[in-house]
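Results of the structural survey
Listed here are the chains, written in short residue letters.
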Amino acid sequence: ERALEVFNEMKRKGVQPNTVTFSALISAMEKAPGGSQWEKALEVFGGMKRRGVEPDTVTFNALISAMEKAPGGSQWERALEVFEEMERKGVQPN
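Residues numbered from 1 in each chain as written. Predicted model: local features only at pLDDT ≥ 70, side-chain atom pairs only at ≥ 80, totals over all residues. Heavy atoms only, no water.

1. Quick word on helix α2 (residues 19-30)
In this model, α2 (12 residues) spans 16 Å end to end at C-alpha, consistent with the 16 Å of a helix rising 1.5 Å per residue. Of the residues making up α2, those classed as buried are T19, T21, F22, S23, L25, I26, M29 and E30. Each element contacted by the buried residues of α2 is listed here: α1 (2-12), α3 (38-50) and α4 (57-68). (Helix = DSSP H or I, 4+ residues; strand = E, 2+ residues; numbered from the N terminus. Expected span 1.5 Å × (residues − 1). Buried < 20%, exposed > 50% of the residue type's maximum accessible area, 1.4 Å probe, protein only. Contact = heavy atoms within 4.5 Å.)

Written out as structure tokens, the structure reads:
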């Protein structure tokens, strides 16, 4: 929640989020109290792409990790889709 507040405050102040910003926000959602907020992380990822900000290895890793830690069970099928998108974009997995 706090990470989203900071993110929204940045936007209100005219700070343009970049790959590092989005990656950090997705990573924070992965580590959210009460369990991964993987659905919000996926929304942020979509917003990142709509803004034309290119995800990197860190971004993809954070999103995949958020899906792996999903409350109620891993979202491994969606994580695999994200991994395949990563490969299509030519982003090297590590």
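Back to the write-up after that little detour.
2. Structural notes on the packing of aromatic side chains
Tallying each qualifying case throughout the model produces two aromatic pairs. Between F45 and F60, the aromatic rings sit 5.5 Å apart at their centres with planes inclined by 65°, giving edge-to-face as the arrangement. With F45 in helix α3 and F60 in helix α4, this residue pair connects regions lying 15 residues apart in the sequence. F60 carries the same exposure label as F45, and that label is buried. (Phe/Tyr/Trp six-rings, centres within 6.5 Å; stacked < 30°, edge-to-face > 60°.)

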